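Reading the structure
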Amino acid sequence: DDQIERERASQRLSGGCCALAAVYLMGKFYVANAGDSRAIIIRNGEIIPMSREFTPETERQRLQFLAFLRPELLGKEFTHLEFPRRIQPKELGKKMLYRDQNMNGWAYKKVEEDDLKFPLIYGEGKKARVMATIGVTRGLGDHDLKVFSSNIHIKPFLSCFPEVRVYDLTQYEHCPDDVLVLGTDGLWDVTNDKEVASVVMEVLTSYEPNDPCRYTMVAQELVVRSRGVLKERGWRLANDKLGSGDDISVFVIPLGGPGNYT
């Protein structure tokens, strides 16, 4: 992340990206995630999460705590408190549910002038945003990102530090159908863990266990099904719901089976 900052002028690059990495070392998989990509292991039909998404919702308390410690980062336009909805001026003096950096649940407070500011975190699910700007709270880059029509920088609230999870391959006897799936949010936005596992099993059973292309075909099928088919109303899935409009990148990595393919 520091290198991207140093090189952004010479490379004339702006923006940022998420990062999801899997490293195999001495019998263990180390999966590091910074962003909203995700990894799962499918072992004997069981789904084992190997990462979690970092969004304004999942990192609410970290973001609020930073804003509480350094209110100058909010530019006098935002409040670090969260409310169930936007507060209207006519509600000044009334009681409203809220939560701060120390709270998991909600409590009541009397609405004050400062509470009328736009909340640091606003929206739910994939629509949640930090300062109404970005929906991913960890990743690389975005050093120059600002709130629209302002001089308020977003970067202080973004973290480049990944969460690392470890999976010990030596603890289990893996078969050729056991895999690690790495996917960007374009996959997970429209396809859940169970659906991914179903596609994995469906495609793998149609190939011989020693056929190395079977894993590539699983990745291809996951991408195709998540994108959908282009129709008059845009890309549509088999159930006619909207397909993914985001980047879809998928890796399928075998955890066991034959060591040499013939």
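Residues numbered from 1 in each chain as written. Predicted model: local features only at pLDDT ≥ 70, side-chain atom pairs only at ≥ 80, totals over all residues. Heavy atoms only, no water.

Looking up the chain in an unreviewed UniProt entry gives the name PPM1J phosphatase, with the organism given as Podilymbus podiceps.

A separate point is the pattern of salt bridges. Considering all chains together, one arrives at 18 salt bridges under this definition. A salt bridge links Lys 155 to Asp 1; the shortest N-O distance between them is 3.1 Å. With Lys 155 in the loop between β12 (140-141) and β13 (163-168) and Asp 1 in the segment before α1 (2-11), this pair connects stretches of sequence that are 154 residues apart. Classification of Lys 155 by relative accessible area gives buried; the value is 15%. Judged by relative accessible area, which is 22%, Asp 1 ranks as partly exposed. (Salt bridge = Lys/Arg side-chain N within 4 Å of Asp/Glu carboxyl O. Helix = DSSP H or I, 4+ residues; strand = E, 2+ residues; numbered from the N terminus. Buried < 20%, exposed > 50% of the residue type's maximum accessible area, 1.4 Å probe, protein only.)

This next bit is on the pairing of strand β5 (residues 46-49). With four bridges joining them, strand β4 (residues 38-43) and β5 adopt antiparallel strand pairing. What sits directly across from Arg 43, in β5, is Glu 46. Between β4 and β5, which pair antiparallel and follow one another directly, the connecting turn spans two residues, one of which, Asn 44, has a positive phi of 55°. (Pairing = 2+ DSSP bridges.)

Mapped onto the elements, Asp 36 comes out in the loop between β3 (28-34) and β4. A relative accessible area of 5% places Asp 36 in the buried class. In this structure Asp 36 touches Cys 18, Glu 53, Phe 54, Lys 126, Val 136 and Asp 185, once residues within four positions along its chain are discounted. (Contact = heavy atoms within 4.5 Å.)

Packing of helix α4 (residues 193-204) against helix α5 (residues 213-227) leaves a shortest axis separation of 9 Å and a crossing angle of 135°. As far as their axial angle goes, α5 and α4 are oblique. You can see that α4 and α5 cross each other, and the crossing is right-handed. Each of Val 196, Val 199, Val 200, Glu 202, Val 203 and Leu 204 in α4 lies in contact with α5, whose residues at this interface are Arg 214, Tyr 215, Met 217, Val 218, Glu 221, Leu 222 and Arg 225. For the contact of α4 with α5, the residue count by class is nine nonpolar, no polar and four charged. (Axes fitted to C-alpha atoms, helices over the stretch in contact; angles between N-to-C directions. Parallel < 35°, antiparallel > 145°, perpendicular 65-115°, else oblique. Left-handed = near helix turned anticlockwise from the far one by under 90°. Nonpolar A, V, L, I, M, F, W, Y, C, P; charged D, E, K, R; others polar.)

Val 181, Val 196, Leu 222 and Val 252 are the most contacted members of the largest nonpolar core, which has 19 residues in total. Looking at this core, the elements with two or more residues in it are β4, β14 (179-183), α3 (185-188), α4, α5 and β17 (250-254). The element that contributes the greatest number of residues to this core is α4, accounting for six residues. When neighbours within four sequence positions are excluded, Val 252 is seen to be in contact with Val 179, Leu 180, Val 181, Tyr 215, Val 218, Ala 219 and Leu 222. Judged by nonpolar contacts, the second largest core, of 16 residues, contains Ala 67, Phe 78, Leu 120 and Val 147. (Core = buried A, V, L, I, M, F, W, Y, C linked by side-chain atoms within 4.5 Å.)

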